[in-house]
Number of protein chains: 2
Amino acid sequence: MDDKKSKNKRITINDIARISGYSKTSVSFAFNEPKRISEKARNLIIKVAEDLGYIPDPLARNFSLRKHHSIGILLPQLINSALSNPFVAQVIQGVGSVCQKYGYTLTLIPPLNESVSDAVRTAAVDGLITLGMEAEMKVVNVIRQRKIPYVTIDGSPSANMPSINIRDREAAKDIMKLVLDAGHRQITIVSLPEGDDELGVHDSVTWFRMEGYNEALAECSMCLESTEITILTAECSIDGGKKAGAAILKEFSRPTAVICMSDIIAIGCQQEFQAAGLIIPNDISMVGFDNIIESAMVTPALTTVDQPGGEKGRQATELVFQLIRGEVDDAAHHHIIVPYRIIQRQSLKTL
Amino acid sequence: MDDKKSKNKRITINDIARISGYSKTSVSFAFNEPKRISEKARNLIIKVAEDLGYIPDPLARNFSLRKHHSIGILLPQLINSALSNPFVAQVIQGVGSVCQKYGYTLTLIPPLNESVSDAVRTAAVDGLITLGMEAEMKVVNVIRQRKIPYVTIDGSPSANMPSINIRDREAAKDIMKLVLDAGHRQITIVSLPEGDDELGVHDSVTWFRMEGYNEALAECSMCLESTEITILTAECSIDGGKKAGAAILKEFSRPTAVICMSDIIAIGCQQEFQAAGLIIPNDISMVGFDNIIESAMVTPALTTVDQPGGEKGRQATELVFQLIRGEVDDAAHHHIIVPYRIIQRQSLKTL
DNA sequence: CTGAAAGCGCTTACAG
DNA sequence: CTGAAAGCGCTTACAG
């Protein structure tokens, strides 16, 4: 007899109102503004609600409140590839910790049937963190149409597009300089994959880093086009790194140093080299980018550029919340630069 | 003049209807069931919608459809600690890849103001994956009240609670046996933290593994209470492992082998030992559990139990979707066991 | 093919 | 303190 109706129909605020003898208004108040009703009413309503196992429908509640209570993070690639880069996991941690702080959930938004735009169109979120978004991408317009605040991490700082970055050009220049100062001239650069987004725009972070490498080379009267320099591309994962490593092993003249734009690639590469019997850094030197925790775990530990993924995520998300609460002017240009630093470990040999 | 109203008010289906001259019904059909209206109507409506930058409000749409289009994953701890265990990241990858396949987003649900129950109450999701949930936990009732399908990974298989597990007891017994067969008798076990959830129920996975260790010990006429066995607890992170390592270094009589219930703990522990100048496995042997990719990266590579985190996530999520679509009977008992295997590498020395 | 209208389950001015 | 009623912006039988 208890489940004569709970069996089929969801119980709503109406049921609680009817059974308790109070109005829907009072029931709503009992949950959301307890002090606005008498203790007697409140107690009865709560009791009835508990007896019936009533839980306010989040769908209706959110709709009424016009809030999703969630922040989305727009993944540039499929979820698998995104999360197989520990650096991305680090960013997600940062984003998540701020969401948690404000009682929000974190929604991971993968492309919907290959379409990032469609995913954004339907995503149930109040704000968006994007990874590596460029101003020319179509999806930017969709986000703006939706009128939800967004901040992009590792994108190109441009008007109306709040951003969090490190100084990628300087960082890349610094690490290349370190390699050159160690005497290396035969160098292979393992770059990131072309942005295969809906527009085919290039990734500005990759671009800036390339420029930085080039600037350092210039100081040695070299450039990216020099015959001593080889440029490859790899997916951001261990496997991507292994494939790059295999490709390097097949090169006619082996480089003395390999510069990777991502630590996870460097680690994969390093594993491939070691599997082939090479000793690092004696036979070949390696440097990376990111300073993921794994870089300190491997042997030899990786010389790299430290950039704070968690911090990027946190700052981006705090900014999104400020935008949501209207605490900052969203017409203003918010371009936050976080510090990087060079971490010297054992993977780079001085010739 | 274009923004005379778009400035203040969101544009809705009503605006499109008014301006296009068609009804709300037709506008809705234009987006959701294009073939139900004439090409002429469809084209005009789409055009007007595009001109005005109309995007259907996800809040309203979801409410009408009674679907969130998202699957939640209930994090047992704060987001930071959860994601700093690569094994959890692996599970999330698995869950995410299935969500993506069906066009759903993945919502990470951290405790809301410390309360997991409140988080579940308000979470905007159509189904739930839980990590390490026990039948006696309060939150189970909340999930049931919500009447949303859920599957628990690494929880205790019980009635009405679909589950994905490995055979933890056997796995633990196998790895302990390996250690004992290698001649070790002075052993420290680093266990997982007590479930500090709202009820203080113990974690059944930890329990099963302990039982497994004990069974193997029994075959050597020992048990968990033997004087040669020490049991510690550590947080599931590198740092947790380092702390455990430091504690072990301070023990009066140093063990010859350390058995960790999690690879990330084993790795942290190993780092601490190495920092103290110990050679592994010569001075001390290590084994772990999970077989995260990092375990193959460290030197010496870790001997451990391989369990497929991604696969657990995928299977759990496929089951949730089957439950959502009503393809399987949710009264039936769904208890899936996935295989594990022992991975022998270089961190265990035969005495 | 098209549209008027009910309905999804809440919240919240507003009046009493 | 309490309640009637409007409103949030869609979807979808139903009738024409």
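Rules used in this analysis
- Residues numbered from 1 in each chain as written.
- Chains lettered and ligands numbered in written order.
- Predicted model: local features only at pLDDT ≥ 70, side-chain atom pairs only at ≥ 80, totals over all residues.
- Helix = DSSP H or I, 4+ residues; strand = E, 2+ residues; numbered from the N terminus.
- Rg over C-alpha atoms; globule rule 2.2 N^0.38 Å.
- Buried ≥ 20, exposed ≤ 12 C-beta atoms within 10 Å, placed from the backbone.
- Contact = placed C-beta atoms within 7 Å.
- Near = placed C-beta within 6 Å.
- Nonpolar A, V, L, I, M, F, W, Y, C, P; charged D, E, K, R; others polar.
- Arc of directions from axis to C-beta.
- Pairing = 2+ DSSP bridges.
- Axes fitted to C-alpha atoms, helices over the stretch in contact; angles between N-to-C directions.
- Parallel < 35°, antiparallel > 145°, perpendicular 65-115°, else oblique.
- pLDDT = per-residue confidence, 0-100.
- Domains from an automatic or database assignment.
- Least-squares fit on C-alpha atoms with pLDDT ≥ 70 in both.

Draft legend 1. Region of the structure containing the overall build of chain A. In terms of regular secondary structure, chain A is built from 14 helices and twelve strands. Relative to the globule expectation of 20 Å for 351 residues, the C-alpha radius of gyration of chain A, 26 Å, shows a markedly less compact shape. Its C-alpha atoms put chain A at 85 × 45 × 35 Å along the principal axes. Classification of the 351 residues of chain A by burial places 50% in the buried group. Taking all contacts inside chain A whose residues are at least 6 apart in sequence as the whole, residues at least 24 apart take part in 69%.

Draft legend 2. Summary view of the protein's contact with DNA strand D. Neighbouring DNA strand D are 27 residues; S23 and A41 of chain A together with I13, S28 and A60 of chain B lie closest to it. If you tally residues by element for the surface near DNA strand D, the top one is helix α2 (residues 24–32) of chain B, at six residues. Of the residues belonging to the surface near DNA strand D, the class tally is eleven nonpolar, ten polar and six charged.

Draft legend 3. Region of the structure containing helix α8 (residues 138–146) of chain A. Residue and element names in this part refer to chain A. Of the residues making up α8, those classed as buried are V139, V140, I143 and R146. Around the axis of α8, the buried residues are gathered within 125° of arc, so they sit on the same side. On its buried side, α8 packs onto α7 (116–122), β3 (127–131) and β4 (150–153). Residue K147 follows α8 closely and has a positive phi angle near 55°.

Draft legend 4. Broad picture of the sheet that holds strand β1 (residues 70–74) of chain A. Reading across the sheet, the twelve strands line up as β11(A)-β5(A)-β4(A)-β3(A)-β1(A)-β2(A)-β2(B)-β1(B)-β3(B)-β4(B)-β5(B)-β11(B) and stay open at both edges, with mixed pairing between neighbours. What marks the edges here is a single partner per strand, and that holds for β11 (335–337) of chain A together with β11 (335–337) of chain B. Going across the sheet, the axis of each strand differs from the next one's by a mean of 20°, ignoring polarity. Relative to strand β4 (residues 150–153) of chain B, strand β3 (residues 127–131) of chain B is paired through four bridges, and the arrangement is parallel. The partner of L131 of chain B across the bridge, within β4 of chain B, is I153 of chain B.

Draft legend 5. The arrangement of the protein's contact with DNA strand C in detail. Neighbouring DNA strand C are 27 residues; I13, S28 and A60 of chain A together with S23 and A41 of chain B lie closest to it. Broken down by secondary-structure element, the contributors of at least two residues to the surface near DNA strand C are α2 (24–32) and α4 (58–65) of chain A together with α2 and α4 (58–65) of chain B. Counting residues per element, the surface near DNA strand C draws most heavily on α2 of chain A, which supplies six residues.

Draft legend 6. The packing of α2 of chain A against helix α3 (residues 39–52) of chain A, seen in detail. All names here are of chain A. With their axes 9 Å apart at the nearest point, α2 and α3 run at an angle of 90° to one another. Between α2 and α3, the interaxial angle falls into the category roughly perpendicular. Contact with α2, carried on its side by S26, V27 and A30, involves A41, R42, I45 and I46 of α3 and no other residues of that element. Grouping the amino acids of the contact of α2 with α3 by side-chain chemistry returns five nonpolar, one polar and one charged.

Draft legend 7. Examining the sheet that holds strand β6 (residues 187–191) of chain A more closely. All names here are of chain A. The four strands lie next to each other as β7-β6-β8-β9, forming an open sheet whose pairing is parallel. A single partner strand is all that each edge strand has here, and the edge strands are β7 (229–233) and β9 (285–287). Strand-to-strand twist across the sheet, computed as the mean angle between neighbouring axes with direction ignored, equals 20°. Of the strand pairs in this sheet, strand β8 (residues 257–260) and β9 are connected by three bridges, and their pairing is parallel. Its bridge partner lying in β9, I259 is registered against V287.

Draft legend 8. Layout of the confidence of the model for chain A. Per-residue pLDDT for chain A averages 92, and the proportion of residues at 70 or more is 95%. For the stretch residues 1–7 of chain A, pLDDT sits under 50, and the model shows two contacts to residues farther than four places along the chain or on other chains.

Draft legend 9. Highlighting the interface of chain B and chain A. In this assembly, 44 residues from chain B lie in contact with 43 residues from chain A. Broken down by secondary-structure element, the contributors of at least two residues to the side of chain B that touches chain A are α4, α5 (79–83), α6 (86–101), β2 (105–109), α7 (116–122), α8 (138–146) and α13 (294–297) of chain B. Sorting elements by how many residues they give to the side of chain B that touches chain A places α6 of chain B first, with six residues. Across the side of chain B that touches chain A, the residue classes tally to 22 nonpolar, 18 polar and four charged.

Draft legend 10. Structural context of the pairing of strand β6 (residues 187–191) of chain B. Residue and element names in this part refer to chain B. The element β6 is extensively covered by neighbouring structure, given that five of its five residues are classed as buried. Side chains I187, I189 and S191 of β6 all project onto a buried face; the interleaved residues T188 and V190 project onto the opposite face, where all are buried too. In this structure, β6 lies alongside strand β8 (residues 257–260), joined through four bridges in parallel fashion. By the bridge assignment, T188 is partnered in β8 with V258.

Draft legend 11. Representation of the domain arrangement of chain A. On domain assignment, one finds that chain A holds domain 1 (13–65), domain 2 (70–166 + 309–337) and domain 3 (168–306). Distance between the C-alpha centres of domain 1 of chain A and domain 3 of chain A: 60 Å.

Draft legend 12. Local environment of the relation of the copies chain B and chain A. The two copies are related by a screw operation: chain B maps onto chain A through 180° of rotation and 0.0 Å of translation along the axis, at an RMSD of 0.0 Å. The operation mapping one copy onto its partner corresponds to a two-fold rotation axis. Relative to the rotation axis, the closest C-alpha in chain B is found at T107 of chain B, a distance of 2.1 Å. When the interface residues of chain B are mapped onto chain A, 98% of them again fall at the interface, so both copies present the same face.

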